[in-house]
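# Inside the fold
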Amino acid sequence: MLSPAELVSLIAAVAERDQDAFQRLYDATRAKLFGVVLRILRRQDLAEEVIQDAYVKIWNNAAQFDSEVASPITWMASIARNRAIDVARKRGEVSIEEEPSANDVAAETPDPLARREMTEELKRLLECIGRLEPERQKLVLLAYYNGWSREQLGAKFGAPANTIKTWLRRSLLDVRGCLGLT
C-alpha cells in the first residue's frame, strides 16, 4: 500500500486525467476496496461490479477530493461502501436485524493470532476505537465495518438518523484526535 501522501498525489494526477496514475491508484487500493465491498455484499460477482462502478466514480470525482476532509483511502472506501450499500438495498437483501450473526461481528475481538498479524496502523486504530464508550464503539463498527445505514443504526439504538449522524461524527473526531489526525 502506498503512503497517504502518495495516494493524494495520485488522486491529484487522476483529477488531471492521468491514466497511468489511475492504474497505479487502482493497483494500490483495489484489494482494500474490494474487501470493504465484499464484506457488505457477500457475493464476488456483485462486488466486482460495484468496484468497477466505484472506480469510475473515483475517476470522475477525483478533482473533488479534499485531503483536509478525509484521507485518500477513507474517501475511496466511502465511495465503494456507499455503492455497495445501494446495491444491497436495491436487491432487497435480508434485513441486518434478521441476520443474527451481523449483530455479533462488531462486538467480537480478533483472536490472539489474528491480532499479532495486524499492522501497527490497524492496532492504533482499534486502540483508539476502544477508547470510545461501548455504545459508540458498536455504533462505529456497525456503520463502517458492517455497512449499516443511519436508519438501521437509528432503529438499533433508538435514535433518529440525524442523531446517529452526529454521534458518528463525534466518535470519528475522537478517533482522529486519538490518532493525531486533527
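Values in this document were obtained by computation on a predicted structure and should not be read as measured data.

Reading the values: the criteria
Residues numbered from 1 in each chain as written. Predicted model: local features only at pLDDT ≥ 70, side-chain atom pairs only at ≥ 80, totals over all residues. Heavy atoms only, no water. Phe/Tyr/Trp six-rings, centres within 6.5 Å; stacked < 30°, edge-to-face > 60°. Helix = DSSP H or I, 4+ residues; strand = E, 2+ residues; numbered from the N terminus. Buried < 20%, exposed > 50% of the residue type's maximum accessible area, 1.4 Å probe, protein only. Core = buried A, V, L, I, M, F, W, Y, C linked by side-chain atoms within 4.5 Å. Axes fitted to C-alpha atoms, helices over the stretch in contact; angles between N-to-C directions. Parallel < 35°, antiparallel > 145°, perpendicular 65-115°, else oblique. Left-handed = near helix turned anticlockwise from the far one by under 90°. Contact = heavy atoms within 4.5 Å. Nonpolar A, V, L, I, M, F, W, Y, C, P; charged D, E, K, R; others polar. Disulfide = S-S within 2.5 Å.

Moving on to the packing of aromatic side chains. In total, this model carries 4 aromatic pairs according to the counting rule given. Aromatic side chains F22 and Y55 sit 6.1 Å apart centroid to centroid with 80° between the ring planes, which places their arrangement in the edge-to-face category. You can see F22 sitting in helix α2 (residues 19-41) and its partner Y55 sitting in helix α3 (residues 44-61), a full 33 residues away along the chain. Across the pair, exposure class does not vary: F22 and Y55 are buried alike. Seen from their ring centres, Y26 and Y55 are 4.8 Å apart, and the 70° between their planes marks the pair as edge-to-face.

Moving on, we come to the nonpolar core. Grouped together as the largest cluster of nonpolar side chains are 33 residues, with contacts concentrated most on L25, L33, V37, L41, I58, W75 and M76. Those elements that place two or more of their residues in this core are α1 (4-15), α2, α3 and α4 (72-90). By size, the runner-up hydrophobic cluster in this structure holds 16 residues, among which are C128, I129, L132 and L142.

This part is about the packing of α1 against α2. Between α1 and α2, whose axes approach to 8 Å, the crossing angle comes to 140°. One element, α1, and the other, α2, form an angle in the oblique class. In this structure, α1 meets α2 at a crossing whose hand is left-handed. Here L7, L10, I11, A13 and V14 of α1 come into contact with α2, specifically with A21, F22, R24, L25, A28 and T29. Taken together, the residues that form the contact of α1 with α2 break down as 9 nonpolar, 1 polar and 1 charged.

The tally for this structure, following the rule as stated, stands at 1 disulfide. Disulfide pairing places C128 opposite C178 at an S-S distance of 2.1 Å. When the S-S torsion is -75°, as for the bridge of C128 with C178, the disulfide is left-handed. Here C128, found in helix α7 (residues 120-130), pairs with C178, found in helix α10 (residues 161-179); they are 50 residues apart in sequence, far enough to count as distant.

Everything listed is a geometric property; what it means functionally is a separate question.
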